[in-house]
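# Reading the structure
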Amino acid sequence: MQHHQLRLSTLSPVHIGAGDSMDPFSYFIASGNLYCLDQFNLVNDLSEIQRKQLDELIDNTGSDNNSEQTLIRLQRFFHDNRQALYGCVHTIRPLHQAIEGYYQNKLALQTKQHAQSKLTISEITKSAYKGTPYVPGSSLKGAIRTVLSNDLLQANDSWNSKSKNIEKHLYNYDNASSDPFKALRIGDFSMTEVIYPEVVFVSSISKKEDSPNPTMPTLVEVLPAGIIQAIQGDLVVNPNHLTEELTAETLQLSNLFKSLNRFYLPKLTKELSLYQRQQTSQYAYSDKKFAWAEKIHELIADLQSEFNNGKLALMRIGRYAGGEYKTWDKLRKIDVSPRGNRGVKKFAQSATTRWLCNPESKDRGGALPLGWILLSETNTEVPLAIKNFSQLSAIWAHKCQQSATELDTLKQDQQDRKLKQQQSKLAQEQKLKQKQEAEFQRQSLSTEDKIIHDLYQQLETDKQAKNHDSTQELRQLLNRAVQSAEQLSNSDYTDKVRQAYQDCINWWQINDKKNKKLKALRSKLNGL
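None of these values were measured; they are calculated from a predicted model. (Residues numbered from 1 in each chain as written. Predicted model: local features only at pLDDT ≥ 70, side-chain atom pairs only at ≥ 80, totals over all residues. Heavy atoms only, no water.)

### Thoughts on the confidence of the model for the chain
Interpreting fine coordinate detail is not advised for predicted regions of low pLDDT. Per-residue confidence for the chain averages 85 on the pLDDT scale, and 90% of its residues sit at or above 70. Counted against residues more than four places away or in other chains, residues 110-117, with its pLDDT under 50, gives 15 contacts. (pLDDT = per-residue confidence, 0-100. Contact = heavy atoms within 4.5 Å.)

Encoded structure:
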């Protein structure tokens, strides 16, 4: 049994999806970053008022005659209340300025139909447990199957585009259980270091040299270009399933790599000439000093020996690769019917359009194709021509680290605010509790003692407020205490009032001998 550990490098951005998408309510964009929300916990971070607003918006989503506007109001709600949501952000990624501008414009277009759908981001495949990206082994195996079947067809002239079950005849099998490709097992390729997907625009452009601007762009997640041997997986060949049509020699790694290069290298060379004619992919959008097409030319030239000897394999995988890369050369039949055409279908040997990605949707010079990768064994030394591409992912990794640091700061600030709010709330609750306890104690006092109690309470309040005014509420309570002492004629109570009088005089810092009204109060107390 052959077992090979392989490493994958990305020469251009790669998008392999599983049909999942990031809807506009699971993220918000601000300050040059994409913030991905944990939707299970976000409600906990909202205030009571914010929760009520969110509930009202959700309730109106189904009943509103214009649900499109309601959905956009929901999007704006998350954006406008982002300060409260940083605590439930599970991932942050830097974002290109043009995409943030696109997002802001879509939030402003409240009356445009289906505007919210354009804010949906097509996600790449990620593990369910950790949410980390991976490259499905099935994508690689499917591409390999196409290439090996293409080799068999090249040596056989008995087939045409109308033939049925061609593959079953090529490999002489009847059903899935007898499929010889069961001999080839390719596991999912996982990341050996932290890699964050990038969000870009993807649009199609005509292959004609004088083609107009690209079609309406779509937001898509991609693995960035320049990831060098940081994606790892296994390839295993089980001899028990091999046949005369699919032999051990065919699946021997160097021979397999040679087959891949025979299929993909001419196609890449042909595309490079198209890039030059249309002035696209002249540089990488992430680094305008990096002449992408020129570097690919150099890579092909420098690594020709490695390609010929089967040390390296060039492939194109994932969505947006194009029909030429997923079909057999001799029997290719690509639907090139004009959009909206309801008449007879039109087919051709090659597609009339191609897909490009770029955060700047109008910058054709920096637009890159998708899906170009290199495969090598783990113990293979990385040639300099490949290492040169690592600067593209290094730029992206640095931006991601900066954004992660910023998120840590934002989360810490939010935690500090929450702690202060909790402390303030606790202090208010403690104050309320003390007030309730004081009121409970007050209710147990006699009417006269309540007057003394209220007087000292007000005196304490004035001290906290640094209020020395002798004409306000404290003075009224003192007058009332003196009156009650006169009516009660109780020496103990009169002594309490005298002490209260003196405490008030001391706080007011008044010479009561020079104040006629206070002097009259003292005279009343002295006469009791």
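### What about the environment of Leu148?
Along the polypeptide, Leu148 turns up in helix H4 (residues 137-154). With 115 residues separating them along the chain, Leu148 and Phe263 place their C-alpha atoms 9.3 Å apart. Ignoring any residue separated from it by four or fewer positions in sequence, one finds Leu148 in contact with Tyr171, Phe181, Leu246, Thr250, Leu251, Leu256 and Ser259. (Helix = DSSP H or I, 4+ residues; strand = E, 2+ residues; numbered from the N terminus.)

### What to know about the pattern of salt bridges
In a structure, side chains of opposite charge can pair up when their charged atoms sit close to one another. Per the stated rule, a full pass over the model turns up 13 salt bridges. For Asp449, the salt bridge is made with Lys496, and the minimal N-O distance between the two is 3.5 Å. Of this pair, Asp449 sits in helix H12 (residues 447-465) while Lys496 sits in helix H14 (residues 491-508), placing them 47 residues apart in sequence. Classification of Asp449 as partly exposed rests on a relative accessible area of 25%. (Salt bridge = Lys/Arg side-chain N within 4 Å of Asp/Glu carboxyl O. Buried < 20%, exposed > 50% of the residue type's maximum accessible area, 1.4 Å probe, protein only.)

### Focus on the pairing of strand E17 (residues 372-377)
With five of six residues buried, E17 lies mostly within the body of the structure. With five bridges joining them, strand E1 (residues 2-10) and E17 adopt antiparallel strand pairing. Across the sheet, residue Arg7 finds its bridge partner in E17, namely Ser376. Here strand E13 (residues 312-316) pairs with E17 via five bridges, running antiparallel. (Pairing = 2+ DSSP bridges.)

### Description of the pairing of E13
Burial runs high along E13: five of the five residues are buried. Burial along E13 is two-sided: the residues Leu312, Leu314 and Arg316 and Ala313 and Met315 are all buried.

### Comments concerning the packing of aromatic side chains
Counted according to the given criterion, the structure contains 14 aromatic pairs. On the basis of an interplanar angle of 85 degrees and a centroid distance of 6.4 Å, the ring pair of Tyr264 and Trp372 is categorised as edge-to-face. In this pair, Tyr264 sits in helix H7 (residues 253-278) while Trp372 sits in strand E17, placing the two residues 108 residues apart along the sequence. Classification of Tyr264 by relative accessible area gives buried; the value is 0%. Take Trp372: its relative accessible area is 1%, and that puts it in the buried class. Ring geometry for Tyr275 and Trp292: centres 6.2 Å apart, planes at 55 degrees, overall tilted. One end of the pair, Tyr275, is in helix H7; the other, Trp292, is in helix H8 (residues 292-302), with 17 residues separating them in the sequence. Here the two residues Tyr275 and Trp292 agree in accessibility, since each one is buried. One aromatic cluster is present, formed by Phe263, Tyr264, Tyr325 and Trp372 through successive ring pairs. Above the face of the Phe290 ring, Lys295 is positioned so that its terminal group lies 5.8 Å from the ring centre. Over the face of the ring belonging to Tyr325 we find Arg316, whose NZ or CZ atom lies 4.7 Å from the ring centre. (Phe/Tyr/Trp six-rings, centres within 6.5 Å; stacked < 30°, edge-to-face > 60°. Lys NZ or Arg CZ within 6 Å of the ring centre and 35° of its normal.)

### Some remarks on helix H3 (residues 97-108)
The end-to-end C-alpha distance of H3 is 17 Å, a good match for the 16 Å that twelve residues give at a rise of 1.5 Å each. Of the positions making up H3, those classed as buried are Ile99, Glu100, Tyr102, Tyr103, Lys106 and Leu107. Projected down its long axis, H3 carries its buried residues within an arc of 155 degrees, all on one side. Away from its buried face by more than 90 degrees, H3 exposes Gln97, Asn105 and Ala108. (Expected span 1.5 Å × (residues − 1). Arc of directions from axis to C-beta.)

### Quick notes on the sheet that holds strand E4 (residues 33-37)
The strand order across the open sheet built from three strands is E3-E4-E5, with neighbouring strands paired in antiparallel fashion. Bordering the open sheet on either side are strand E3 (27-30) and strand E5 (89-94), each of which pairs with just one other strand. Neighbour to neighbour, the strand axes of the sheet diverge by 20 degrees on average, direction disregarded. One ladder, built from five bridges, connects E4 with E5; its direction is antiparallel. Its bridge partner lying in E5, Asn33 is registered against Pro94. Across the sheet, helix H11 (residues 390-443) is in contact with E4 and E5; its angle to E5 comes to roughly 140 degrees. (Axes fitted to C-alpha atoms, helices over the stretch in contact; angles between N-to-C directions.)

### A look at the packing of H4 against H7
At their nearest, the axes of H4 and H7 sit 10 Å apart, and the two run at 80 degrees to each other. As far as their axial angle goes, H7 and H4 are roughly perpendicular. Residues Ala143, Ile144, Val147, Leu148, Asn150 and Asp151 of H4 pack against Leu256, Ser259, Leu260, Arg262, Phe263 and Tyr264 of H7. Among the residues making up the contact of H4 with H7, the classes are represented as eight nonpolar, two polar and two charged. (Parallel < 35°, antiparallel > 145°, perpendicular 65-115°, else oblique. Nonpolar A, V, L, I, M, F, W, Y, C, P; charged D, E, K, R; others polar.)

### Considerations on the nonpolar core
Counting 80 residues, the largest nonpolar core has Tyr264, Trp292 and Met315 as its most contacted members. Ranked by residues supplied to this core, first place goes to H7 with ten residues. One finds Met22, Leu37, Leu42 and Cys88 within the second-largest nonpolar core, a separate group that totals 35 residues. (Core = buried A, V, L, I, M, F, W, Y, C linked by side-chain atoms within 4.5 Å.)

### A few points about empty space enclosed by the protein
Taken as a whole and assessed by the stated rule, the structure comprises four cavities of 30 Å³ or more. The wall of the largest cavity is formed by Pro13, Glu198, Pro224, Ala225, Ala284, Tyr285, Ser286, Leu368, Leu392 and Trp396. Each residue belonging to the lining of the largest cavity can be placed in one class, and the counts come to eight nonpolar, one polar and one charged. (1 Å grid on protein atoms, 1.4 Å probe; cavity = no way out; pocket = protein on both sides within 12 Å on 5 of 7 lines; lining within 4 Å. Points joined across faces, edges and corners; volume = space filled by probe spheres on them.)

### Comments concerning the layout of surface pockets
Its volume calculated, the largest pocket comes out at about 550 Å³. Along the wall of the largest pocket there are 25 residues; nearest its centre are His90, Thr91, Lys126, Gly131 and Thr132. Only strand E2 (21-22), E4, E5 and strand E9 (189-191) provide two or more residues apiece to the lining of the largest pocket. It is E5 that provides the largest number of residues to the lining of the largest pocket, a total of three residues. Of the residues contributing to the lining of the largest pocket, the split by class is ten nonpolar, nine polar and six charged.

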